[in-house]
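# Chain and residue survey
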Amino acid sequence: MTKPSILILPGDGIGPEVMKEVRKVIDWYGTNLGLAFDVSEDLVGGVAYDAHGTPLHDSTLTKAQEVDAVLLGAVGGPDYDNLDFNVKPERGLLRLRKEMDLFANLRPAQCFNALAEFSSLKTEVVSGLDIMIVRELTSGIYFGEPRGIIEEGNERIGINTQRYTESEIDRVARSAFELARRRGNKVCSMEKANVMESGVLWREVVQKVHDEDYRDVELSHMYADAGAMQLCRWPKQFDVIVTDNLFGDLLSDAAAMLTGSLGMLPSASLGTPMANGRPKALYEPVHGSAPDIAGEGKANPIACILSFAMALRYSFDEGKEADRLEAAVESVLADGFRTADLLGEKGVDPVTTQQMGDAILAALNSTL
Ligand code: IPM
Ligand code: MG
């Protein structure tokens, strides 16, 4: 049987150093459990711009379309801030999402018990928190036309367009309901139907999908601003939240911070199934490239390692192995290992990126 394939795109900033730890974890599965992957590597973001003059070379996109899963580190950094808008590192990522049609972005916000105290909210508000934001990722105001900066009279106008078709809403709603069935069986849909027509349509379509095919799942609707407030007030009321591209961008950062650190959170971006039945998929940490600490061994590799756990679950049908990896991370945290981003306690020395990776491997070893 051919091995499942993974394309690794470490990207910029801390991307390469956290990805190095992920690579060790991937290899661990091959060596110890015979679960071997065919791994290749390529460039995305600023490093791709340096090499090719574009943040995503066509040949990289072709590879990404062919593999079973893409693992991405992070893109962007101050060296690229002044580049033309169309070749900025972020455009590489957005093009990958769009061209691979990765419409459902799963962003779990899970609070590890050992870290509840790092949240800016009270421990009782966040401990045990386990919510999933499903963000629509390939449409809405990120991609709608017309867009641009035009001149009218003697001033310039910046334009972006929020646009959603019924089928775009329908398919992401289905992803949310399917996920909810495997979790707490509740979906809260967020939009601004009070001020935006796209929100009115969003609400209608989500309700229709529910009434036709998912009556067993509890559905509620909330205006996105109220949703942001409720996320801070009592986040445990939510199970799955489904929302559009821009609201999802904002709400997922807010939800991430509830858990104490952005350095902990993985994400999966899924598209339609390929010929082999696996969904097109890209996995990446929610955090950015953190150029201020890049190369110093301070970065937390956990978000990226947990992104591989999501790949095990959603691309490779290895839910038990995903559980094993998540449990290893949990036990390392419970044992007190902390990278610099997690240091709240006095008298605890931070471990390096590599030491955190090694600790997770040791925890994996102890499960054999
Ligand atoms: C994210 C990021 C991206 C986005 C950027 C880097 C293009 O903020 O993945 O949340 O806005 O979608
Ligand atoms: Mg974001």
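Quick caveat: nothing in here was measured; it's all calculated off a predicted structure.

Turning to the site of ligand 1, a few remarks are in order. All residues in the neighbourhood of ligand 1 are listed as Glu90, Arg97, Arg107, Arg135, Tyr142 and Asp249. At 2.7 Å, a side-chain N or O of Arg97 approaches an oxygen atom of ligand 1. Note that an oxygen atom of ligand 1 is positioned 2.9 Å from one of the side-chain N or O atoms of Asp249. Protein contacts shield 74% of the accessible area of ligand 1, which totals 320 Å² for the unbound molecule. A class-by-class count of the residues in the shell around ligand 1 yields 1 nonpolar, no polar and 5 charged. Composition of the shell around ligand 1 by domain shows at least three residues from each of domain 1 (1–111 + 260–368) and domain 2 (130–258).

Here we take up empty space enclosed by the protein. Summed over the entire model, instances satisfying the criterion amount to 1 cavity of 30 Å³ or more. If you go around the largest cavity, the residues you meet are Gln162, Tyr164, Glu191, Lys192, Met196, Ser198, Gly199, Trp202, Asp244 and Phe247. Examining the composition of the lining of the largest cavity, we find that 3 residues originate from one element, helix α7 (residues 197–213), more than from any other. Grouping the amino acids of the lining of the largest cavity by side-chain chemistry returns 4 nonpolar, 3 polar and 3 charged.

Helical geometry: 3.6 residues make up each α-helical turn, so side chains three or four residues apart lie on a common side. Spanning 13 residues, helix α10 (residues 302–314) covers 18 Å between terminal C-alpha atoms, matching the ideal 18 Å at 1.5 Å per step. Of all 13 residues in α10, 12 are buried; the element is thus mostly enclosed. Among all positions of α10, only Ile302, Ala303, Cys304, Ile305, Leu306, Ser307, Phe308, Ala309, Met310, Ala311, Leu312 and Tyr314 are buried.

Let us look at the pairing of strand β9 (residues 218–223). Sheet analysis places strand β8 (residues 186–191) next to β9, joined by 6 bridges and oriented parallel. Residue Cys188 lies in a different strand from β9, and its bridge partner there is Ser220. As a crossover connection, the stretch from β8 through α7 into β9 is right-handed.

The next thing to look at is a negative patch on the surface. Together, Asp50, Asp79, Asp81 and Glu90 give the surface a local cluster of negative charge. Its place among the elements puts Asp79 in the loop between β3 (69–74) and α4 (89–99). Judged by relative accessible area, which is 69%, Asp79 ranks as exposed.

Analysis parameters
Residues numbered from 1 in each chain as written. Chains lettered and ligands numbered in written order. Predicted model: local features only at pLDDT ≥ 70, side-chain atom pairs only at ≥ 80, totals over all residues. Heavy atoms only, no water. Near = heavy atom within 4 Å. Polar contact = N/O pair within 3.5 Å; in protein donor to acceptor, adjacent residues only side chain to side chain. Areas by Shrake-Rupley, 256 points an atom, 1.4 Å probe, with all protein chains shown as cover. Nonpolar A, V, L, I, M, F, W, Y, C, P; charged D, E, K, R; others polar. Domains from an automatic or database assignment. 1 Å grid on protein atoms, 1.4 Å probe; cavity = no way out; pocket = protein on both sides within 12 Å on 5 of 7 lines; lining within 4 Å. Points joined across faces, edges and corners; volume = space filled by probe spheres on them. Helix = DSSP H or I, 4+ residues; strand = E, 2+ residues; numbered from the N terminus. Expected span 1.5 Å × (residues − 1). Buried < 20%, exposed > 50% of the residue type's maximum accessible area, 1.4 Å probe, protein only. Pairing = 2+ DSSP bridges. Right-handed = clockwise from strand over helix to strand, strands pointing away. Patch = residues over 30% accessible without salt bridge, like charges linked within 9 Å, V, L, I, M, F, W, Y side chains within 5 Å. Salt bridge = Lys/Arg side-chain N within 4 Å of Asp/Glu carboxyl O. Lys, Arg positive; Asp, Glu negative; His and termini not counted. Charge placed at Lys NZ, Arg CZ, Asp CG, Glu CD.

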